[in-house]
Amino acid sequence: MDKIMKIQTPYVIITDIGSTTTKAILLNNRENTPKLAGMYHSPTTVEKPVSDVRFGVYHAIEGLERLSGVQLMAQDSQAPVLTLSTDVTYLTTSSAGGGLQILAIGLTHFDSASSARRAAYGAGGVILDTFAIDDTRQAMRQMLAMRNLRPDMILLCGGTDGGAVSGVLRLAEIIRIAAPEPKFDTAGKIPVIYAGNREAAPLIEKMISNEFDLHILPNLRPEMQNENLQPTQDIIQQLFMESVMEHAPGYSHLLPLVASSIIPTPMGVQKALSIAANKESLNLFAFDIGGATTDVFSCVNNHFHRTVSANLGMSYSALNVLKECGIEALMRWLPQDIDEDFLRNYITNKSLDPTDNPRSENDYRIEHAIAREALSMALYQHRQMHYNTVKVGFLDKLSRGDRDKFEMIFEYAREEEKYFFSPSDVDVLIGVGGIFAHAANYRQSVIVLIDAIQPKGITEIWIDRHFITPHIGILSTLEHKNAEHLLANDCIERIAIHVAPSFSARQKKTVLHVNIESDGGSRLLQIMPNEFHYIAAGTKIIKLEALHGASLGSGLKSKVFNTALPVIIDTRIVPYGHMIRVEQEMDLYPAQHYDASLSRREPVIPDLNPDEWIRRIKLPYRGEINVNVGNMVEPDEIVALNRYNPPRLYILDNLLTYKLDPEVVARSLQVKVGDLLDFNDVYARIPDDILLPLHHSHARKQISPVRGKVEFINDHSGIVVLSEIQDYADKPVTLDLSERLGVPPKLAARYLIKEIGDFVYRNELIAKRMEPFRGISRPALVLAPVTGTITELDRKTGRVTIAYLHKPMEFKAHVRGKVIEVIPEQELSIRYSGKRMEGKIGFGNACHGLITPIEDQNDVVAGDLKDRIALLAFAPSVEQLKVIASSGATGIICYMLQARHMVDFLGFEPGIINTGYENIPLTLLIMGGFGQKPMPGNLMNTLRSGGNCFIDPRTRIRAGVVRPFIDLF
C-alpha cells in the first residue's frame, strides 16, 4: 500500500492490535501540532469464538468516541463491519495472535539450530520450539510436537555447503510426514525457509515444495565458523507481512481502512525509539516486556539491534520464566513471608489466565520478580545475539585510558568495522509495556529496570507512560516531526537518574562522594560498597566524585549536574536480591494502593454443555485406520495405529565421488521414482565410455546397501533417496545359524558379523563362513529372513532371534459413536453425544473410564482403580497422585493442587503451556487452577453422576487457545 505523505483529516486513530489487548489512541489534528485526545483499551478478538480482529478494533474506537464525544465511525457502522468517518485517518500496528511464530529446525542444537534461532530472533520471530537430529525426543515425538504447535512458518537449516546432505534431508522428511498445520484456519500452505547446505537444496525442493510454500535461501552457516543471517532475516520479515499477518482472522477486511501499511508492533517501537536516540545522540537500551515475549532494542553509536525473547513474558510466558531462571532466582527478590507454594501457584494461574491482573501487595511483588528475571534473561540473549564480550589487552587499556578496568567490554561489527562499548556508555534505559505503564508508582518501574539490567555509570531511566511507542512509530512513517513532538510530550517520561560507579569487588574503602545542594542546604554522602540511597524528586545540584580507583564510566572521575528527578546512588554488589531498606527508602509498596480482599479471583465453575461432538484422530504419520465410515465404535476399540516407527531415509550418494558431468550422471542412473530396491540391486552404472581413475575402475556398478523405495532422484548430482520398506516381522523369528553355516552350534557365533542389538533388514547379510569346513568347500552366507533387531544368540544351540521391538502407538476411540469420515492411513472422525465441561489445564494423553469419586484424602490407598477415573474432592499431594497412578487408574480429575506437586508428579517444569502429550502414568485434569481449595460441592455432584467419561487433556494458551475438557456420557 502506498504511504500518504501528510495527514489531512482533523482526527487520527492509531491502534496497536496486541496479543491480548487492542490499544487505541485518538489524536486531534485540528491545529498545526496534533494532541493526544484519548486512549482506550479493548480485548483483542483474534481467537475463537470471535476470530476477527475487527471486533476488538471496533470496541476500542467505540471507547474513544465515548471518551472524546467525537463521532469517529459512520452512523451505519456495526461490528465487525467498520466504516470510519471521513474526518478520520486510521493507522495500526499489530502483534496479534502471538506475533511471528517459528519452528526452528537444524542438524544440531549447538551449531545449525543455534544459527536458526539467531536468524529468527533477529527478524522478530517467536520460536515455538527447536528440533535437531541430536534432540532427545524420538522422531515420533518430534512429529507430534510439530503438528500440535501450529507455527506461522518453519525455518530449516543444517550442514555447511558441500558437506553431507543426509541429515538435513531426514529433517525435511520429518517435516513432510508430520504435516504441521498453520496457526490460523484461514492460512494456506505454511511457509518453509530452507537455508542449509546448498547441495541438498534441489532434493529439499522435490521433497516438500508440494506440501509447503518453500523458499530456498543462502546457507545460514556456509562454513562452520561463518554465519550469513541477513538474507534469511529479510525473507522472514517479508513473509510475515505478505503471508502470515494477512491470514489473521479479519485482517484482510482491515487493510482497506488503513492509510498506511500495517507494521509489526516491534517495528513501530523501534521506529519511535530511533527518534529519541537520534535526536539527542544517545546510546540507549529499551525493553518492551509483554505477556508473551520481551523485545530488547539497543541503539549504540547510532546502530540499532533488536531481539525477541520469544517465551519470556508476564502472563502467557510467566511459567516459562520460572522454568528458565529457576525458582530460587525468583524467590531471592521476595520477602520471606512469600513461600514457594504461593509463588508457584500465582505464576501458574497467571499463565492460565493471562488477562488476570495483580490485586495485592504480594501479587505486585511477584509480578516485579517475574519482570526482573525476564528482562535480565532477555538482555543476556540480546548480548549473545549481537555483541561479543571481549578481553582488553594491556596495550588496549593504555590506549583507552584504563577506562574499563572494572567493566565488561562489548564488541560488535558493522560493515566490517569494529565498535566497542561498556555498560557505562549506555545513557538511557527505557521501560515499555504494561508492567511499567500500569505500575502503582514510578518507583516500582525504576527498581525493576535497575535490578534487572544493573546499569553502570550515570544512566537516565525513562518509561513509555501510556504504552504508545508503537503508535508513535507508525505515525513517524507519515509525519516525522509530529511523531517526535508526541513522543517527547505524551509518551516518554523521564523518571529517575541512576548512579552506579564501577570499582573492584575487593574494595573496602569509600568509592563515591555525593554532594547534594538544594534550597534546604547541602549534605555530603560518603558511599561505601554495597549501599543504596534514594534522593527524592526536587530541584537540586548533584556533585559526584569517584574515589579509590572507582569510575563513573569512560574514565570519568567527577560529574556535576542539575536535576529535579529522583537520583539513586547504587553500589550494591551482585548478586542482587530483596532488601527491606530499599523498599522502605523508595516506599515501593504503599499499603493504601492495594485491597487484599481482591487478591485472588475465584475460579468460575464451568457450565455443562450437552451436544453432539466430533472426535478427530489424526495419526502422527501414515499408519493404519481400522474402521470404515458408518461403523459404530466403543471407547476401548483401537481405531487406528502407527505400527512402526516413521520410515527411515537412506541417501545413496556414491556417484558424487566421481565428479561426473550431469549428462553422464543421467545416463548412469538405472532407477526411477517409485522403484523398489533390494540389497545389492544396481541403482546406477557408469557407462564404459567414461574413463575412471584406476582405483575406481572396479566401481562402475553402484549397488544399494539397503532395501527401500526410491522417493527422490537428483539427476544433476546422482543422489538417490530411498525410504525404508517396513515389512517387519509381527512376531520374533528364530533361525538355526549353525545349520545354515554348516558348523557346530558352539562355533556359530564366531561367524556372526552383526552384534546383539543391531537392527537388520530382510536379506541383509548377518553371518558368513568363507573357509572350507569339514569337507564343505563352498562359502556359507546367512541373510536375515525378516527386518528387526537381533535380540538373542543362544551359544549352546547356535540359534539367533530377530524381532521388531517397537511398541505400536495405538489410538483408542475413547468414545461411543459413529465413524463419519476416514482418510485412509491418516485420520478419522467419530460423532458422539456427551455433556462437555472445560477444565483449566491437563497433562498426559486422551483417556476414558468410569468416574470413581474419592471424597476423603485418607481414602487414597493402594487398591484396584484399573481403567477408572479418580474424581478427587480435595487437592491431592504428589504422593497421593502416585498412589492413584500405581492403582491402575487411567485418569485423575481434581479441582486444584499445588503447582509444586504438579511439577514433582510430571518430573519437569512445564514452561510454555502446550500440554496434553506428556509421557506420564495417567491423565491429569485440573478444573479450577492451582492452590489448595477442595472441589466445590455442586461441581463434585455434577461429575459424580457422570458415569463413564472421556478426557482430552490438550491445553494451549498461545496461538489459538485450547482448553482441556471432560465429556460425560
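Turning our attention to the overall build of the protein chain. Broken down by element type, the protein chain carries 23 helices and 53 strands. Residue burial in the protein chain is summarised as follows: out of 969 residues, 57% are buried.

Taken together, the buried positions of helix α23 (residues 937-944) are occupied by Leu-939, Met-940 and Leu-943. Buried residues in α23, looked at end-on, bunch into an arc of 100 degrees, giving them a common side. Buried residues in α23 make contact with β44 (827-838), β46 (847-854), β47 (868-872), β48 (891-897), β50 (923-930) and β53 (965-968).

Quick look at the pairing of β48 now. Side-chain positions along a regular strand alternate between the two faces of the sheet. Most of β48 is tucked away: seven of the seven residues are buried. Relative to β48, β47 runs parallel, the two being bridged by three bridges. Across the sheet, Ile-869 pairs through a bridge with Gly-891, a residue of β48. Read as a crossover between parallel neighbours, the route from β47 over helix α21 (residues 878-886) to β48 is right-handed. Across six bridges, β48 lies against β50 in parallel orientation. By the bridge assignment, Ile-892 is partnered in β50 with Leu-924.

In this section: the packing of aromatic side chains. The tally for this structure, following the rule as stated, stands at nine aromatic pairs. A centroid spacing of 6.0 Å and a plane angle of 85 degrees characterise the contact between Tyr-728 and Phe-759, whose relative ring orientation is edge-to-face. Pair noted here: Tyr-728 is in the loop between β35 (720-724) and β36 (733-736) and Phe-759 is in strand β37 (residues 759-760), with a separation of 31 residues, a long-range link. Between Tyr-728 and Tyr-804 the ring centres are 3.9 Å apart and the planes differ by 15 degrees, which places this aromatic pair in the stacked class. One end of the pair, Tyr-728, is in the loop between β35 and β36; the other, Tyr-804, is in the loop between β41 (799-803) and β42 (809-812), and 76 residues separate them in sequence. The exposure classification of Tyr-728 matches that of Tyr-804, with both residues buried. Each member of the aromatic cluster is reached from another via a ring pair, and the members are Tyr-644, Tyr-728, Phe-759 and Tyr-804. The ring centre of Tyr-442 lies 5.7 Å from the NZ or CZ of Arg-443, which sits over that ring. Over the ring of Tyr-576 we find Arg-572, and its NZ or CZ is 4.1 Å from the ring centre.

With respect to topology, eight strands assemble into an open sheet ordered β13-β12-β11-β17-β18-β19-β25-β22, the strand pairing being mixed. Each having just a single partner strand, β13 (303-309) and β22 (532-535) make up the two edges of the open sheet. Adjacent strand axes in the sheet meet at a mean angle of 20 degrees, parallel and antiparallel pairs treated alike. Here strand β11 (residues 284-289) runs beside strand β12 (residues 294-300); their pairing, made up of six bridges, is antiparallel. Residue pairing for β12: Phe-287 is matched across the bridge by Val-296. Each of β11, β12 and β13 touches helix α12 (residues 361-386); the most contacted strand, β13, lies at about 125 degrees to it.

Another aspect to go through is the nonpolar core. Core analysis: the biggest nonpolar cluster contains 89 residues, and Phe-285, Phe-287, Ile-347, Leu-375, Met-586 and Ile-884 have the highest contact counts within it. With ten residues, the top contributor of residues to this core is α12. The residues contacting Phe-287, other than those within four sequence positions of it, are Asp-295, Val-296, Leu-375, Leu-379, Leu-429, Ile-430, Gly-431, Val-432, Phe-436, Leu-449 and Ile-453. Counting residues in hydrophobic clusters, the runner-up holds 36 residues, among them Ile-154, Val-168, Ile-190 and Phe-212.

A full pass over the atoms with the stated rule returns 35 salt bridges. A salt bridge links Lys-23 to Asp-16; the nearest nitrogen and oxygen atoms lie 3.4 Å apart. With respect to burial, Lys-23 and Asp-16 carry one shared label: buried. Between Glu-825 and Arg-622 there is a salt bridge, with the nearest N and O atoms lying 3.1 Å from each other. Placement of Glu-825 in the loop between β43 (817-823) and β44 and of Arg-622 in the loop between β26 (609-618) and β27 (624-625) is noted, with a sequence separation of 203 residues between them. Take Arg-622: its relative accessible area is 53%, and that puts it in the exposed class. The network of salt bridges with common partners includes Arg-372, Asp-451, Asp-570 and Arg-572.

Moving on: the confidence of the model for the protein chain. Across the protein chain, the average pLDDT comes to 86, with 90% of residues at 70 or higher. Per-residue pLDDT stays below 50 along residues 391-404; that stretch engages in 14 contacts with residues further than four places along the chain or on separate chains.

Moving on, we get to unusual backbone geometry. Omega for the peptide link from Ala-79 to Pro-80 comes to 5 degrees, which places this bond in the cis form. Position of Pro-80 relative to the elements: it lies in the loop between α1 (53-68) and β4 (88-94). The omega torsion across Val-574 and Pro-575 is 0 degrees, close enough to zero to call that bond cis. Here Pro-575 shows up in the loop between β25 (567-570) and α18 (580-586). Here Lys-659, not a glycine, exhibits a phi torsion of approximately 50 degrees, which is positive. Judged by relative accessible area, Lys-659 falls into the exposed class, the value being 76%. Positive phi is not limited to glycine here, since Asp-867 has a value of about 65 degrees. Residue position: Asp-867 is located in the loop between β46 and β47. According to the relative accessible area criterion, Asp-867 is partly exposed, its value standing at 46%.

Closest axis-to-axis distance for the α21/helix α22 (residues 899-906) pair is 9 Å, and the angle between their directions is 40 degrees. Compared by their axis directions, α21 and α22 come out oblique. The two elements α21 and α22 cross, and the hand of that crossing is right-handed. Contacts between α21 and α22 involve Val-878, Leu-881 and Lys-882 from the former and His-901, Asp-904 and Phe-905 from the latter. Of the residues that constitute the contact of α21 with α22, the class distribution is three nonpolar, one polar and two charged.

Ordered by their spatial adjacency, four strands build an open sheet running β21-β20-β23-β24, and the pairing between neighbours is antiparallel. Across the chains shown, the open sheet's two edge strands, defined by having one partner strand only, are β21 (521-527) and β24 (558-563). Between one strand axis and the next, the sheet turns by 15 degrees as a mean value, whatever way the strands run. Taken together, the seven bridges between strand β20 (residues 512-518) and β21 define a ladder with antiparallel strand orientation. Within β21, the residue paired with Asn-515 across the bridge is Leu-524.

Conventions used here
Residues numbered from 1 in each chain as written. Predicted model: local features only at pLDDT ≥ 70, side-chain atom pairs only at ≥ 80, totals over all residues. Heavy atoms only, no water. Helix = DSSP H or I, 4+ residues; strand = E, 2+ residues; numbered from the N terminus. Buried < 20%, exposed > 50% of the residue type's maximum accessible area, 1.4 Å probe, protein only. Arc of directions from axis to C-beta. Contact = heavy atoms within 4.5 Å. Pairing = 2+ DSSP bridges. Right-handed = clockwise from strand over helix to strand, strands pointing away. Phe/Tyr/Trp six-rings, centres within 6.5 Å; stacked < 30°, edge-to-face > 60°. Lys NZ or Arg CZ within 6 Å of the ring centre and 35° of its normal. Axes fitted to C-alpha atoms, helices over the stretch in contact; angles between N-to-C directions. Core = buried A, V, L, I, M, F, W, Y, C linked by side-chain atoms within 4.5 Å. Salt bridge = Lys/Arg side-chain N within 4 Å of Asp/Glu carboxyl O. pLDDT = per-residue confidence, 0-100. Parallel < 35°, antiparallel > 145°, perpendicular 65-115°, else oblique. Left-handed = near helix turned anticlockwise from the far one by under 90°. Nonpolar A, V, L, I, M, F, W, Y, C, P; charged D, E, K, R; others polar.

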